Amino acid sequence: MGSRSIAVTAALLLVLGVLNAAPAIADDQVGVVDTTTGEWHLRPDDGIGRSFYYGNPGDYPFMGDWDCDGVDTPGLYRQSDGYAYLRNANTQGIADIRFYFGDPGDVPLAGDWNGDGCDTLGLYRPSEGKVYLHNTLGSGDTGLGAAELEFYWGNPGDEPFAADTDGDGIDEIGLYRRSDATVFLKWDNTPGVADDSFVYGNPADQFVGGDFDGDGTDTVAIYRPATAEFHLRNTNTPGIAETTHRFGIGDQTPVAGDFAIPTPAWEDRAWTETIIDDQPLAGRWASLTTGPTGNPIMAYGYIGPWTEWAPWESLVIAACRNRTCTDTAINRTGAPVGDMTSVDLGADGNPVIAYEDNMILEGVIAFCEDAECRTVTRKTVMSTSQMRGALEVRTSGLPILAASTSNGLVVTACGDGRCDSFTSEALRSSSGYTPVDITSLGDRTLVLVSWGAGRVFSDGVLLVMQCHEDSCRETATEVAQLVASTPFIEAWGQRPAITTRADGVAIAYSLTRKNEEYRAIGSELWLAVCDDGSCSDLSKVRIAEMLLPEPQGDWPQELPVYADIEIAGNGSILIAHRNPVSGGLQITSCGDESCVIPATIVLPATGMELAFTVDPYGVPIVISRESDGLTLLRSPN
């Protein structure tokens, strides 16, 4: 069966998905619609959203199978003039079907009211508290005439939805009472008391639903704007969600249905390439995140003209004005920057950047006063001759910075969102100057440090350290040692990378291999997965080995395997990395921590330095420093 569902923002009444009769049943997927722009984002099984524009700002979105082919496609209701606009493809374009329907202010319902396998429309008239259901679609500028079914149902303020919650192939009208998050179900389209009721979600959630396990019965789901998460149930009962998807940016309208969107193999995907900054030395020590609307934001270094003594270096913030970065605001701050920027979003939605000011030798956290960083306020948080840092703004809105400095590994925790007060704790002392990364898992902060990396005779190790409270004032625990130095092997890379997934943490790191003369002969790329923040159960797997035909040089800097790690929308592990042999940028996809048969795609870039993220719609994004500037690559959707 195909299925569809309708849902609206809190200001509108919400509508649930429906099922059509057809030989085969596919699991329904979810999506969101930005009603302010008319942009639809549908999430297929691979988790990488497909986006297109349809309709005008303010139109009321829903989905249904209008041509009886088993595929759910967009519908719109323009409440200002009472017209329905239906399309038969999940692509940008004009309506295939349009007709006058109801009165301005009516709320649409989509479903199969007679079990013929085709969706038609109904409506709920809030002024009357009454439901009207039609078994045919209109055409042209004519109305639908009298409804085949009409009845009163529910109390003022209840939100009607359409769903086949009893699996008989006919959609019925249920109710969602937002005040106490109660669902009311009926087994036929008649007035009367509910046949079943239960509580699901919170009053602030948006209601949506569909057949999420392909068993022929629609079940309830909610979209939680505060976290941009779908919580899907496979039975119409109270309880926790069987499946959770993070998708969208929160204040959007959820939809669900069988979208029938193909999911190509990872290695068969095409990528688009956009030049962000065409200055030849732009993109050093780059970092990447996405803004409140899903648009990429980058921080990086730029080396300008040489002076008599040294090059002029500058911190640059590039804020994309759309998700494809065809329009980007570039702010060259003039602030001297040292190794490794790190960017995240502050509680106000504006970028926050950590960097080393290598003119006055200070560690700085810079707060952008607007989305495009036209104005920046800087806070000095440490004095150091060297700093490689990783910044994260936690769910509390408080920034925390883990930095490898000339004084060792230091964690600086801000006491407020602007870091007017902060504490700094030395977690481990060393003269090393090594890459770090940081992530959060629940109420814990995890710091990954590549200790002694890059030094030929070092005892380089990779450690995961866990802070037990926000400030890290108590001694942090070394919860895992991922790689110990063995003869002729060293940990190395621009930075090791750690990220959080639903059931634990994932880590990517690289090793440089040497011969007896300590000359580089190759590199290895590794994946480590912890079962949770304690890393009590740790698995490690080598996913790539790259050997040079002849030993190269004395220093591992000549053989960098820059790597960054993210979790794809479907939960698989993605690692963006450089192949030192081919000099190319690759992304390796691992379906799970075993990574027995990794899938790799080669991108049109060298990955001299890189940063990697996944946007709110599940689309992977990589930025890469190239000889001709900074390049952004994204998987098209």
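Look a little higher up for the structure.
For clarity, every value in this text was computed on a predicted model and none was experimentally measured.

**A few points about the overall build of the protein chain**
- Looking only at helices and strands, one finds 0 helices and 50 strands in the protein chain.
- Sorting the 637 residues of the protein chain into buried and exposed places 61% on the buried side.
- Taking all contacts inside the protein chain whose residues are at least 6 apart in sequence as the whole, residues at least 24 apart take part in 49%.
- For the protein chain, the exposed area adds up to about 23200 Å²; of that, 50% sits on carbon and sulfur atoms.

**What about unusual backbone geometry?**
- The residue A228 is not glycine, and still its phi comes out positive at about 55°.
- Residue placement: A228 occurs in the loop between strand 19 (219-224) and strand 20 (229-232).
- At C419, a position not held by glycine, the phi torsion is positive, near 60°.
- For C419, the location among the structural elements is in the loop between strand 34 (408-414) and strand 35 (422-428).

**Overview of the state of the cysteines**
- For the structure on display, the rule yields 5 disulfides.
- The disulfide that involves C68 links it to C118, with 1.9 Å between the sulfurs. Given an S-S torsion of about 120°, the disulfide between C68 and C118 has right-handed geometry. Of this pair, C68 sits in the loop between strand 6 (60-64) and strand 7 (73-78) while C118 sits in the loop between strand 10 (107-111) and strand 11 (120-125), and the two are 50 residues apart along the sequence.
- Here C68 falls in the partly exposed class, since its relative accessible area comes to 39%.
- Bridging C590 to C595, the disulfide has an S-S length of 1.8 Å. Residues C590 and C595 are joined through a disulfide that is left-handed, its torsion about the S-S bond being -55°. Residue C590 shares its accessibility class with C595, and that shared class is buried.

**Remarks on the sheet that holds strand 32 (residues 387-393)**
- Strand order in the open sheet formed by 4 strands is 32-33-34-35, and the pairing between neighbours is antiparallel. Strands at the two margins of the open sheet, each flanked by one partner only, are strand 32 and strand 35. The sheet shows a mean angle of 20° between the axes of neighbouring strands, direction not considered.
- Looking at chain direction, strand 33 (residues 399-405) and strand 34 are connected through 6 bridges and run antiparallel.

**A look at the pattern of salt bridges**
- Inspection of the entire model under this criterion finds 25 salt bridges.
- Note that R224 and D205 form a salt bridge whose closest N and O atoms lie 2.8 Å from each other. On the criterion of sequence distance, the pair formed by R224 in strand 19 and D205 in the loop between strand 17 (196-199) and strand 18 (206-210) is long-range, its members being 19 residues apart.
- What makes R224 partly exposed here is its relative accessible area of 23%.
- Taking the shortest distance from any N to any O, the salt bridge between E369 and R418 comes out at 2.4 Å. Of this pair, E369 sits in the loop between strand 30 (362-368) and strand 31 (376-383) while R418 sits in the loop between strand 34 and strand 35, and the two are 49 residues apart along the sequence.

Cut-offs applied
Residues numbered from 1 in each chain as written. Predicted model: local features only at pLDDT ≥ 70, side-chain atom pairs only at ≥ 80, totals over all residues. Heavy atoms only, no water. Helix = DSSP H or I, 4+ residues; strand = E, 2+ residues; numbered from the N terminus. Buried < 20%, exposed > 50% of the residue type's maximum accessible area, 1.4 Å probe, protein only. Contact = heavy atoms within 4.5 Å. Areas by Shrake-Rupley, 256 points an atom, 1.4 Å probe, with all protein chains shown as cover. Disulfide = S-S within 2.5 Å. Pairing = 2+ DSSP bridges. Axes fitted to C-alpha atoms, helices over the stretch in contact; angles between N-to-C directions. Salt bridge = Lys/Arg side-chain N within 4 Å of Asp/Glu carboxyl O.

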